[in-house]
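# Report on the structure
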2 protein chains.
Amino acid sequence: MTYHDPVEPTCPLPKMPGDTVQLAHGGGGRLMQNLIRDVFVRSFGDPLSTHLHDGATWSVSEGTLAFTTDSYVVQPLCFPGGDIGSLAVHGTVNDLAMCGAHPLWLSAGFILEEGLSIAMLQRVVDSMAQAARDAGVSIVTGDTKVVDKGKGDGIFINTAGIGVVPAGVIIGPQRVRPGDAILVSGDLGSHGIAVLSMREGLDFAGNIVSDSAPLHRVVADLLAHNIEIHCLRDLTRGGLASALNEIATAAGVRMSVYERTIPVRDEIQGACEVLGLDPLFVANEGRFVAFIPEAHADQAVAIMRNHDVAKAAMRIGGVIGHESGAVVLKTILGTHRILDLLSGEQLPRIC
Amino acid sequence: MTYHDPVEPTCPLPKMPGDTVQLAHGGGGRLMQNLIRDVFVRSFGDPLSTHLHDGATWSVSEGTLAFTTDSYVVQPLCFPGGDIGSLAVHGTVNDLAMCGAHPLWLSAGFILEEGLSIAMLQRVVDSMAQAARDAGVSIVTGDTKVVDKGKGDGIFINTAGIGVVPAGVIIGPQRVRPGDAILVSGDLGSHGIAVLSMREGLDFAGNIVSDSAPLHRVVADLLAHNIEIHCLRDLTRGGLASALNEIATAAGVRMSVYERTIPVRDEIQGACEVLGLDPLFVANEGRFVAFIPEAHADQAVAIMRNHDVAKAAMRIGGVIGHESGAVVLKTILGTHRILDLLSGEQLPRIC
């Protein structure tokens with residue numbers, strides 16, 4: 001590991017005049033219309049522009065909808081493997097996927113800081129549009145506000161998402177029960193360490209790239225194979241340990257997980273040791289945990305491994321009893337310890 | 001008018017310990033869980049808590065949905081007649097109402113600045129919950145992020161909203177045509193002047209209170225009386241003049257409005273003169289413009305006036321031709337002038 005000065009990372013930015021965002025870009029006048037036309041409509045396309053001031057409308061069939069929201073405040077705005085734009089698509093798509101929903105529509109609300117370069121905004125918006133295309137979702141309505149210099153931090157993005165839940169699919173902590181196997185969809189910690197290393201100017205040997213990615217196709221494939229899914233949770237803020245704790249508490253069950261089966265790449269383990277972090281608490285943006293009945297667990301792992309984004313899927317433990325809401329980690333040394341929630345967080349502004 | 005020092009207004013705050021928001025409140029650990037339980041669930045109730053980490057799901061019948069988003073960055077956080085919490089409900093409810101939709105569900109995404117008092121947060125959340133109850137909408141999913149002190153400005157809120165559009169209702173600029181009457185739902189400028197006077201420490205004689213209010217019941221009543229509504233637009237950033245301009249451009253029509261018929265209260269007119277503002281460009285948060293065929297216009301005004309929020313509704317002009325996209329104001333002096341978009345804005349951070 002070597003150190004260099006923490007700097008705004010050198011994102012590849014589109015070549016364009018060196019204009020910056022002004023307060024007037026948020027004022028409802030001609031400058032705002034131009035910004036919408038030149039930056040947002042250019043990337044998101046016409047469906048957005050025709051709806052921009054009212055909201056989008058569309059027809060639905062009878063069914064179950066899922067609705068979710070997340071704001072994104074990650075710093076720096078760009079990091080190895082993504083930026084705040086792609087993250088804002090993946091995070092909300094994944095929240096919908098964790099309900100078993102097929103994600104369809106996103107809203108995009110931007111809070112821009114006066115003085116932000118338009119080139120950076122364009123990069124983030126382009127990245128968001130590309131991530132939406134890749135995930136098969138449409139950004140159908142949007143909003144832009146501008147705050148004074150020093151009252152924001154470049155770009156904050158909120159995305160809300162709507163998806164359709166297939167008939168008969170009920171996924172949630174209330175379905176978790178003793179006998180369920182616990183699966184993780186891949187190796188842990190890359191997103192948090194990638195963002196932190198960029199922010200702090202750390203240069204770890206080995207290439208640490210965020211795992212940020214959409215997960216809905218993996219979930220859809222599990223459902224298509226009639227895998228009974230009791231609960232899903234994406235492993236964002238607080239990481240695997242926090243997700244397991246929340247589900248154990250909500251479901252009123254005790255869980256046991258085996259440290260040696262939890263996939264953590266050597267580079268991430270090494271970076272965590274240097275930084276004094278526990279990879280089980282580090283945020284991921286393309287990983288989830290699944291609670292699957294024992295009888296379906298091996299097949300579920302096999303299906304997950306067919307997807308690039310889940311090719312390191314592993315079975316890491318199981319639900320072992322009804323009491324207590326605790327999560328027990330069996331360590332590599334053979335000892336047991338309780339995996340508890342942290343009080344606060346290891347890494348601020350990681351998403 | 002008298003001047004006093006611009007200060008954070010003295011909002012009535014709930015009596016509680018003087019705790020403040022920490023970065024760790026956004027970290028996914030126990031502190032975040034406590035904040036969610038003690039502040040958000042306390043106000044928004046259980047339906048939110050059970051869905052907090054996944055997203056909300058519910059069944060829908062076949063029909064048309066509307067989806068909209070807005071971020072709120074108003075300063076100061078509290079102002080005469082409301083605060084950022086009630087505003088975040090009214091603004092998004094009104095965006096849905098302008099599609100003719102019956103608003104049903106809101107998401108709430110908070111970006112909090114480290115150091116914010118929990119009492120202020122609780123006040124805003126309580127106000128948001130009350131505004132949602134009053135408007136008959138449910139806040140069904142949420143998210144909280146915390147940014148470092150000096151990287152935000154107290155509280156930013158994003159609300160996205162979903163509503164159901166009644167069968168056969170199509171409202172939009174594409175339906176505006178020559179012969180349509182132009183109606184405004186009430187007197188203009190109170191929201192913008194109320195916020196500005198609080199922010200700048202101006203104390204105008206007379207009681208200037210924001211017009212922030214939900215508008216969907218007025219729209220529903222017009223629809224219930226089979227009033228043919230061609231287009232609606234709420235008069236937020238940029239005010240009446242900007243809304244008319246946007247619609248004239250989108251519809252490709254020429255409009256004429258009569259200054260003497262446009263309702264502006266004397267206190268607002270006086271404040272605008274002192275401040276060098278034009279009330280036709282000042283933001284409102286409880287006013288809309290409606291384009292209604294001539295044959296339905298008088299009945300529409302009468303129906304609007306049955307509602308407290310629209311009791312000063314007026315017919316202010318009409319669509320007079322297909323050419324040009326221009327808006328002509330016939331002034332009190334008998335002269336004509338073109339009402340154009342401003343380049344930027346008169347008042348930053350008004351919503």
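Higher on the page you've got the structure.
Right, let's walk through the structure included here. Counting from 1, residues in each chain are numbered in the order their sequence is written. Think of it this way: whatever chain is written first is A, whatever ligand is written first is 1, and the rest follow in order. Owing to the predicted nature of the model, reporting of local features is limited to residues with pLDDT of at least 70; listing and counting of side-chain atom pairs is limited to 80 or more, with chain, interface and lining totals taken over all residues. Hydrogens and water molecules were not included; the side-chain quantities draw on all heavy atoms of the structure.

### Focus on the state of the cysteines
Residue and element names in this part refer to chain A. To keep it simple, the criterion reads: Cysteine sulfur pairs qualify as disulfides if the two atoms are within 2.5 Å. The numbering of helices and of strands both runs from the N terminus, where a helix is a DSSP run of H or I of at least 4 residues and a strand a run of E of at least 2. The classification of residues rests on relative accessible area computed with a 1.4 Å probe and restricted to protein chains. Under 20% of the type maximum is buried, over 50% is exposed, and intermediate values are partly exposed.
Summed over the entire model, instances satisfying the criterion amount to 2 disulfides over all chains. Here Cys11 engages in a disulfide with Cys78; their sulfurs sit 2.0 Å apart. Taking the sign of the S-S torsion, about 125° here, the bridge from Cys11 to Cys78 comes out right-handed. With a gap of 67 residues between them, Cys11 in the loop between β1 (2-3) and α1 (30-44) and Cys78 in strand β4 (residues 78-79) connect regions that are remote in the sequence. Like Cys78, Cys11 is buried. No disulfide involves Cys231; its sulfur sits 10 Å from the nearest other cysteine sulfur, which is in Cys99.

### Remarks on the sheet that holds strand β8 (residues 155-165) of chain A
Our working definition: One bridge is not enough; two strands pair if DSSP finds at least two bridges between them. Every axis in this analysis is a line fitted to C-alpha atoms, fitted for helices over the stretch in contact. Angles between the N-to-C directions lie between 0 and 180 degrees.
As summarised here, the arrangement of the 5 strands in space is β7(A)-β6(A)-β8(A)-β3(A)-β2(B), forming an open sheet in which the pairing is mixed. This sheet does not close on itself; its edge strands, each paired only once, are β7 (138-147) of chain A together with β2 (56-60) of chain B. The average undirected angle you get between the axes of adjacent strands in this sheet is 20°. When strand β6 (residues 102-113) of chain A meets β7 of chain A, the two strands line up parallel, connected through 9 bridges. Within β7 of chain A, the position partnered with Leu112 of chain A by the bridge is Val146 of chain A.

### A short note on the interface of chain A and chain B
Rules: Any pair of residues with heavy atoms lying within 4.5 Å of one another is described as a contacting pair. When two parts are brought into contact, each loses some accessible area as probed by a 1.4 Å sphere; the total of that loss over both is the buried area. Each salt bridge in this description consists of a side-chain nitrogen of Lys or Arg and a carboxyl oxygen of Asp or Glu lying within 4 Å of one another.
The partner chain B presents 72 residues to the 72 residues of chain A that form the contact. Counting each side, the surface lost to burial between chain A and chain B is near 5,800 Å², with a carbon and sulfur contribution of 55%. At the junction of chain A and chain B, the tally comes to 10 salt bridges. One salt bridge in this structure joins Asp148 of chain A and Arg349 of chain B, with 2.6 Å as the shortest N-O distance.

### As for the pairing of strand β6 (residues 102-113) of chain B
Residue and element names in this part refer to chain B. The condition that has to hold: Seen with the strands pointing away from the viewer, any crossover whose path from the first strand over the helix to the second strand runs clockwise is right-handed.
Counted residue by residue, β6 has 10 buried out of 12 residues, so it is predominantly covered. Note: β6 against strand β8 (residues 155-165), 8 bridges, orientation antiparallel. Within β8, the position partnered with His102 by the bridge is Val164. Between the parallel pair β6 and strand β7 (residues 138-147), the chain is carried across by helix α4 (residues 118-135), and the sense of this crossover is right-handed.

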